[in-house]
Amino acid sequence: MTLDINKIRREFQILDQIVNDEPLVYLDNAATTQKPQQVLDIIRDYYEQNNANVHRGVHTLAERATVQYETSRDKVCALIHANAREEVLFTRGTTTALNWIAKFAEQIIQPGEEIVISIMEHHSNIIPWQQVAAKTGAVLKFVYLKDGELDMADLRSKITDKTKVVSITQVSNVLGVINPVKEIAQIAHQHGAIMVVDGAQSTPHMAIDVQDLDCDFFAFSGHKMAGPTGIGVLYGKAALLEQMNPVEFGGEMIDFVYEQTATWKALPWKFEAGTPNIAGAIGLGAAVDYLTNLGMADIQAHEQALINYVMPKLRAIEGLTIYGPTDNQRRGGVIAFNLDGLHPHDVATALDMEGVAVRAGHHCAQPLIDYLGVAATARASFYVYNTFADCDKLVQAIQLTKEFFKHGTL
Ligand code: 7TS
């Protein structure tokens with residue numbers, strides 16, 4: 001089924017505005033996506049009608065809030081095809097989820113054992129592993145690139161029987177490439193390693209089945225998938241979550257507390273210390289409903305159509321370098337680029353003058369940017385509400401930017 005993008009756009013009121021005298025073209029979706037009316041409504045409705053703390057009160061509002069919060073967990077469980085709702089933990093976002101896994105890694109890694117990640121990881125999938133290596137004496141190894149993609153031969157050579165953890169992003173927030181994480185999980189498991197998938201840039205854009213991927217952990221953020229900020233998910237296989245110590249301690253996560261010791265609640269609550277982000281979780285549940293109703297396969301197909309449409313036009317611009325794979329089928333909706341002789345911040349500022357919102361900088365992936373041999377890049381990233389007209393506007397604005405910096409005038 002083809003999506004009715006005009007109808008979808010009407011649900012995102014924020015898109016309908018003028019920026020710098022031009023209609024807004026929002027192409028910074030890898031940083032955060034906009035939220036549809038349904039998500040905004042449910043958060044407002046929660047605060048207006050049902051606000052109460054969860055898991056503790058017996059009164060009606062507390063019951064309603066708890067049901068809404070826990071129903072969101074069921075929705076997320078269904079979205080990613082987890083085996084059981086206990087395997088879905090609410091976190092602050094991908095960063096928190098990856099930090100929790102790293103804490104678990106500290107529990108199980110011995111000196112000299114190895115952690116394998118890739119050069120295209122976001123800082124939140126690098127720095128926690130640097131910390132684990134520093135604390136445990138483990139070795140942090142990087143897999144590099146070939147033709148703008150993960151070099152699978154390098155990956156096979158880096159993963160050995162000493163490898164304890166492999167942690168790879170499913171979609172790069174700079175290169176846009178979709179990594180074969182299912183195949184990588186098989187390789188990791190052949191060597192007895194745990195497979196972690198950073199799903200921050202994949203979950204919003206494609207169908208996810210954690211059981212099919214057979215990953216051990218999977219992390220993502222609500223705000224990149226039409227949900228609110230401050231809420232995310234850590235999926236983990238139940239057997240591993242059982243072994244994993246809680247990262248935070250306090251209210252909500254305990255069973256019994258004595259003067260000197262305490263015992264923990266069962267999964268998933270043993271990880272959710274303190275009053276959680278109730279409104280955030282409920283908002284995420286609404287975002288999951290929203291995306292599921294559109295259909296994850298249709299969302300991916302729409303973004304693929306945008307990429308197929310815009311890529312040849314971008315490639316035709318002289319002096320424009322695009323990073324990542326040349327095969328569009330290997331890409332999600334992220335395009336990092338540079339214009340010869342121009343700083344990407346100047347490019348992003350010039351595009352903003354045309355109403356086109358893109359990000360410029362290192363995209364929280366400094367090792368990758370160094371590896372690419374540049375100081376920074378500009379980046380356009382698409383979502384389900386972007387149109388072919390948005391693609392045309394991007395191309396036109398890049399051309400105008402080129403002209404402007406060449407002649408100093410438009
Ligand atoms: N992993 C990847 C692949 C990401 O793209 C990001 C955020 C994160 C992890 C961290 O997510 P958070 O929600 O915990 O912050 N990426 C970006 C970006 O590309 N521009 O701004 C944030």
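Residues numbered from 1 in each chain as written. Predicted model: local features only at pLDDT ≥ 70, side-chain atom pairs only at ≥ 80, totals over all residues. Heavy atoms only, no water.

**Observations regarding unusual backbone geometry**
No. 1: Following L267, the chain continues to P268 via a peptide bond in cis, the omega torsion being 0°.
No. 2: Here P268 shows up in the loop between β14 (262–264) and α10 (278–294).
No. 3: A positive phi angle is found at H55, which is not glycine, with a value near 65°.
No. 4: With respect to the helices, strands and loops of the structure, H55 is situated in the loop between α2 (37–50) and α3 (60–79).
No. 5: Residues other than glycine seldom take positive phi values, yet C364 does so here, at roughly 55°.
No. 6: Assignment of secondary structure puts C364 in the loop between β18 (359–361) and α13 (366–372). (Helix = DSSP H or I, 4+ residues; strand = E, 2+ residues; numbered from the N terminus.)

**Considering the pattern of salt bridges**
No. 1: For the structure shown, the criterion picks out 20 salt bridges.
No. 2: Between D289 and K75 there is a salt bridge whose closest N-O contact spans 2.8 Å. Here the residue D289 occupies a position in helix α10, and K75 occupies one in helix α3, the gap between them amounting to 214 residues.
No. 3: With relative accessibility at 32%, the residue D289 sits in the partly exposed group.
No. 4: Linking K237 and D214 is a salt bridge whose minimum nitrogen-to-oxygen distance equals 2.8 Å. Within this pair, whereas K237 is found in the loop between β12 (232–236) and α9 (238–243), its partner D214 is found in the loop between α8 (210–213) and β11 (217–221), the two being separated by 23 residues in sequence.
No. 5: By relative accessible area, which is 22% here, K237 ends up partly exposed.
No. 6: One salt-bridge network, held together by shared partners, links E70, R73, D74, R85 and E272. (Salt bridge = Lys/Arg side-chain N within 4 Å of Asp/Glu carboxyl O. Buried < 20%, exposed > 50% of the residue type's maximum accessible area, 1.4 Å probe, protein only.)

**Let's talk about the site of the ligand**
No. 1: Near the ligand, the surroundings consist of 16 residues, among which T95, D198, S221, R359 and R379 are the closest.
No. 2: At 2.7 Å from an oxygen atom of the ligand is found a side-chain nitrogen or oxygen belonging to Q201.
No. 3: Here an oxygen atom of the ligand and a side-chain polar atom of H223 are 2.7 Å apart.
No. 4: Classifying every residue of the shell around the ligand by side-chain character gives three nonpolar, nine polar and four charged. (Near = heavy atom within 4 Å. Polar contact = N/O pair within 3.5 Å; in protein donor to acceptor, adjacent residues only side chain to side chain. Nonpolar A, V, L, I, M, F, W, Y, C, P; charged D, E, K, R; others polar.)

**Details of the packing of α2 against α10**
No. 1: At their nearest, the axes of α2 and α10 sit 8 Å apart, and the two run at 145° to each other. For the element pair α2 and α10, the recorded crossing hand is right-handed. Contacts between α2 and α10 involve Q38, V39, I42, I43, Y46 and Y47 from the first element and I278, A279, I282, G283, A286, A287 and Y290 from the second.
No. 2: For the contact of α2 with α10, the class distribution of residues is 11 nonpolar, two polar and no charged. (Axes fitted to C-alpha atoms, helices over the stretch in contact; angles between N-to-C directions. Left-handed = near helix turned anticlockwise from the far one by under 90°. Contact = heavy atoms within 4.5 Å.)

**A short note on the nonpolar core**
No. 1: Among the nonpolar cores identified, the biggest contains 108 residues, and I8, W129, L155, V166, M195, F217 and F218 are the most heavily contacted of them.
No. 2: The element contributing the most residues to this core is α10, with 11 residues.
No. 3: When we break this core down by domain, the ones giving at least three residues each are domain 1 (5–27 + 295–407) and domain 2 (41–293). (Core = buried A, V, L, I, M, F, W, Y, C linked by side-chain atoms within 4.5 Å. Domains from an automatic or database assignment.)

**Describing the sheet that holds strand β19 (residues 377–381)**
No. 1: In space, the four strands of this open sheet follow the order β15-β16-β19-β18, with antiparallel pairing throughout. Two strands bound the open sheet, and with one partner strand each, they are β15 (320–322) and β18. For this sheet the average axis-to-axis angle between neighbouring strands, irrespective of direction, equals 30°.
No. 2: Here four bridges tie strand β16 (residues 334–339) to β19, and the two strands are oriented antiparallel to one another. Looking across to β19, one finds that A336 is bridged to R379.
No. 3: Along the sheet, helix α11 (residues 296–315) contacts β15 and β16; its crossing angle with β16, the most-contacted strand, is approximately 10°.
No. 4: Packing against the sheet, helix α14 (residues 388–407) makes contact with β15, β16 and β19, and its axis sits at approximately 15° to β16. (Pairing = 2+ DSSP bridges.)

**Quick notes on the environment of R44**
No. 1: Mapped onto the elements of the fold, R44 is located in helix α2.
No. 2: Put simply, R44 and M120 are 76 residues apart on the chain and 38 Å apart in space, counted from C-alpha to C-alpha.

**Observations regarding the packing of α2 against α3**
No. 1: At a minimum axis distance of 10 Å, the contact between α2 and α3 shows a crossing angle of 160°. Compared by their axis directions, α2 and α3 come out roughly antiparallel. Classified by chirality, the crossing of α3 by α2 is left-handed. Between α2, through I42, Y46, Q49 and N50, and α3, the contact on the second element is made entirely by L61, R64, A65 and Q68.
No. 2: The class makeup of the residues in the contact of α2 with α3 is four nonpolar, three polar and one charged. (Parallel < 35°, antiparallel > 145°, perpendicular 65-115°, else oblique.)

**Side note on the domain arrangement of the protein**
No. 1: Partitioning the protein into domains gives domain 1 (5–27 + 295–407) and domain 2 (41–293).
No. 2: One C-alpha centre belongs to domain 1, the other to domain 2; they are set 28 Å apart.
No. 3: Listed per partner, the contact involves 30 residues of domain 1 and 32 residues of domain 2.
No. 4: Across the domain 1/domain 2 interface, buried area totals approximately 2600 Å², and carbon plus sulfur atoms make up 60% of it.
No. 5: Connecting domain 1 to domain 2 are one salt bridge. (Buried area = accessible area lost by both parts, 1.4 Å probe.)

**Some points on the side chain of S124**
No. 1: Tracing the backbone through its elements, the reader meets S124 in the loop between β5 (114–118) and α5 (127–136).
No. 2: Setting aside chain neighbours within four positions, we find S124 in contact with T95 and L98.

**Regarding the pairing of β5**
No. 1: The element β5 is extensively covered by neighbouring structure, given that five of its five residues are classed as buried.
No. 2: Burial of β5 is two-sided: the residues E114, V116 and S118 facing one way and the residues I115 and I117 facing the other way are all buried.
No. 3: Where β5 and strand β6 (residues 139–143) come together, five bridges link them in parallel fashion. Its bridge partner lying in β6, V116 is registered against K141.
No. 4: Of the strand pairs in this sheet, β5 and strand β9 (residues 163–169) are connected by four bridges, and their pairing is parallel. The residue of β9 that forms the bridge with E114 is T163.

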